[in-house]
Amino acid sequence: MKQPPVPSYYRATATPYEPHAPLQVREEMRVAIIGGGFAGLNTALGLAERGVRDVVVLEREQVGFGASGRNGGFVFGGYSLGEEALHRQLGAERAKGIFDLTTAAVQRIRERVTRYAIPCDMVDQGVIWANWFRDPNVLRKRQRLLAEHYRVHWDWLPQEELREVVRSERYYDGLYERNALHLHPLNYAIGLAAAAIQQGVRIYENSDVWRLRRERNHWLISTPQGELQAEHVVLACGGYLAGLRRQIDRAILPIATYVMVTEPLGDRLDECLRTRAAVYDTRFAFDYYRPLQDTRLLWGGRISIRNRSAAAVQRVLTRDLLRVFPALKGLRIDYAWSGLMSYARHQMPQIGTDGAGLWWAQAFGGHGLAPTCAAGELLAAAVAEGSEDWKQFADYGLAHTYKPLGLLAAQTSYWWQEFNDWFKTSLEG
Ligand SMILES: Cc1cc2nc3c(=O)[nH]c(=O)nc-3n(C[C@H](O)[C@H](O)[C@H](O)COP(=O)(O)OP(=O)(O)OC[C@H]3O[C@@H](n4cnc5c(N)ncnc54)[C@H](O)[C@@H]3O)c2cc1C
């Protein structure tokens, strides 16, 4: 009988480390960061690299507990809001400026993994965007837009070439993004934390910040067993809402998405993938997958306003997988889990401040690895050097999401787009 899948491959293969004790003292610090995901850890490391050492990260559970330790591991440029909308909303120059932050972040991630020797199975072999539809225009349009307005070149992959490396009848042509990679995100988070600690940052796990108060000229931060005074506070809690500032929480829609990992496939992996690149497709409700070092296939997809059990995730994602690789029928799924992304109504990250030392970095959506690295740099430069570069995000404020109606609207819009994908597919026969 098939065993039900256990929760997370990433947890099962996490780099072991001595757990960080909870905050149990009263301390004064220059910067307190709430949230030990990529946004918080990148800010902490960015500060440490700039010589700011009295920095604390407070994490409710463990480092990488949230989306950062559960995601697909794709590291590529851009934001959840596509390049076309970005160009339309900000104009050519500003859109390119804000987009370039993410391509630079891909390079910074590469360099940090090497410099700090982070064991996170980084595979620097690019990402393939495979066309689910026969019509090649969606590829041509994006390739042209990226080249003309962002000076970024994605290579054309004709159908025969694509099918050589992604052995599925499902796809037509594709595009290949060379400046992209994939990695084990939880081990990358654990490695970022270790690099920050090495440079003087303190990290407290199991430290749920339950109160944040402004007092005279500092912030008072309370956890069940300790208290901190800090000049600056950074809220980096993603879809796992901090519950500390209504205006900041209500600007976020927490949206679930799912991942599963197959049994080791051995030579069968070669029957599906003859590339080490990661792959996603051109539908709104796309599949994303990548080969792992131990010949397993990591498969992700779907968006929902509710978390599902591991067994339910396994069921829906296996159906998706078999549509692309029917030859894998009967395979065993060893792990399945879900995670919460944080979306803003405008689909861009929210990076800002109240002007009195309270900062936020959230709403990275389903496209967060590179943008959280960029955000960490912007916030670190703001706090350490008074840089105003973060203002590039000023147009994307804390727009109210009107939960629960906003959640229903997001789910309905996803279903509608999913229906459109299905309709377009069936028209093509
Ligand atoms: C299943 C899945 C697949 C994805 N795939 C990709 C991908 O392939 N590529 C990509 O670029 N992006 C991907 N993403 C998105 C990406 O993972 C996120 O955008 C990114 O990790 C967000 O990081 P974060 O630090 O903002 O939030 P999180 O990683 O969610 O961290 C927030 C942390 O704050 C903590 N916290 C909350 N409240 C408090 C409190 N009061 N006190 C203390 N701590 C608190 C939480 O415990 C949590 O650990 C995916 C997301 C998911 C869920």
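It should be noted that the structure appears before, not after, this text.
Right, let's walk through the structure included here. Keep in mind the model is a prediction, meaning the values are calculated, not measured.

**Here's the deal with the pairing of strand β15 (residues 297-304)**
- Along β15, six of the eight residues are buried, which leaves the element largely enclosed by surrounding structure.
- Pairing geometry for strand β14 (residues 287-291) and β15, over five bridges, is antiparallel. In the sheet register, Asp287 faces β15, and the bridge partner there is Gly301.
- Taking the residues between adjacent antiparallel strands as the criterion, β14 and β15 are bridged by five residues, where Thr295 takes a positive phi near 65 degrees.

**Focus: the nonpolar core**
- Judged by nonpolar contacts, the single largest core of 84 residues is most densely connected at Leu86, Leu183 and Tyr188.
- With ten residues, helix α11 (residues 369-385) is the single largest residue contributor to this core.
- With sequence-adjacent residues up to four places away left out, Tyr188 is seen in contact with Phe38, Asn42, Ile109, Val113, Ile118, Cys120, Leu183 and Leu369.
- Counting residues in each nonpolar core, the second largest holds 32 residues, with Trp132, Tyr258, Leu273 and Phe325 among its members.

**Brief notes about the site of the ligand**
- Residues in close proximity to the ligand total 39 residues, the closest being Glu59, Ser68, Phe74, Gly368 and Leu369.
- Contact distances for the ligand include 2.5 Å between an oxygen atom and a side-chain N or O atom of Ser68.
- For the shell around the ligand, the leading source of residues is strand β16 (residues 333-343), giving three residues.
- Among the residues forming the shell around the ligand, the class breakdown is 19 nonpolar, 16 polar and four charged.

**Some thoughts on the packing of helix α3 (residues 83-90) against helix α5 (residues 137-150)**
- One can describe the packing of α3 onto α5 by two numbers: an axis separation of 10 Å at closest approach and a directional angle of 40 degrees. Classified by the angle their axes make, α3 and α5 are oblique. As for the relative orientation of α3 and α5, their crossing is left-handed in sense. Residues Glu83, Glu84, Leu86 and His87 of α3 touch α5, and the partners they reach there are Lys141, Arg142, Leu145, Leu146, His149 and Tyr150.
- Residue composition of the contact of α3 with α5, grouped by class: four nonpolar, two polar and four charged.

**Observations regarding the packing of helix α2 (residues 38-49) against α11**
- At a minimum axis distance of 7 Å, the contact between α2 and α11 shows a crossing angle of 45 degrees. As judged from the angle between their axes, α2 and α11 are oblique. Our pair here, α2 against α11, has a crossing hand that is right-handed. Contact residues: Phe38, Ala39, Asn42, Thr43, Gly46, Leu47 and Glu49 in α2; Leu369, Thr372, Cys373, Gly376, Glu377, Leu379, Ala380, Val383 and Ala384 in α11.
- Residues belonging to the contact of α2 with α11 are distributed by class as follows: nine nonpolar, five polar and two charged.

**Digging into the pairing of strand β18 (residues 358-362)**
- By the criterion of burial, β18 is predominantly enclosed, with five of the five residues buried.
- In β18, alternate side chains face the same way, and those of Leu358, Trp360 and Gln362 on one face and Trp359 and Ala361 on the other are all buried.
- The pairing of strand β11 (residues 227-235) with β18 spans three bridges and is classified as parallel. Residue pairing for β18: Leu235 is matched across the bridge by Trp360.

**Observations regarding helix α4 (residues 92-115)**
- Between its first and last C-alpha atoms α4 spans 34 Å; for 24 residues at 1.5 Å apiece the expected length is 34 Å, and the two agree.
- Among the residues making up α4, those that are buried are Ala95, Ile98, Phe99, Thr102, Thr103, Ala105, Val106, Ile109, Arg110, Arg112 and Val113.
- Two residues or fewer past α4, Ala117 is found with a positive phi of approximately 45 degrees.

**A few points about the pattern of salt bridges**
- Per the counting criterion, the structure on display carries 27 salt bridges.
- For Arg30, the salt bridge identified is with Glu231, shortest N-O distance 3.8 Å. Of this pair, Arg30 sits in strand β1 (residues 26-34) while Glu231 is found in strand β11, placing the two residues 201 residues apart along the sequence.
- Its relative accessible area of 26% is what places Arg30 among the partly exposed residues.
- On the basis of relative accessible area, Glu231 is assigned to the partly exposed category, the value being 41%.
- Overlapping salt bridges bring together Glu49, Arg50, Arg108, Arg112, Arg115, Glu377 and Glu385 as one network.

Calculation rules
Residues numbered from 1 in each chain as written. Predicted model: local features only at pLDDT ≥ 70, side-chain atom pairs only at ≥ 80, totals over all residues. Heavy atoms only, no water. Buried < 20%, exposed > 50% of the residue type's maximum accessible area, 1.4 Å probe, protein only. Helix = DSSP H or I, 4+ residues; strand = E, 2+ residues; numbered from the N terminus. Pairing = 2+ DSSP bridges. Core = buried A, V, L, I, M, F, W, Y, C linked by side-chain atoms within 4.5 Å. Contact = heavy atoms within 4.5 Å. Near = heavy atom within 4 Å. Polar contact = N/O pair within 3.5 Å; in protein donor to acceptor, adjacent residues only side chain to side chain. Nonpolar A, V, L, I, M, F, W, Y, C, P; charged D, E, K, R; others polar. Axes fitted to C-alpha atoms, helices over the stretch in contact; angles between N-to-C directions. Parallel < 35°, antiparallel > 145°, perpendicular 65-115°, else oblique. Left-handed = near helix turned anticlockwise from the far one by under 90°. Expected span 1.5 Å × (residues − 1). Salt bridge = Lys/Arg side-chain N within 4 Å of Asp/Glu carboxyl O.

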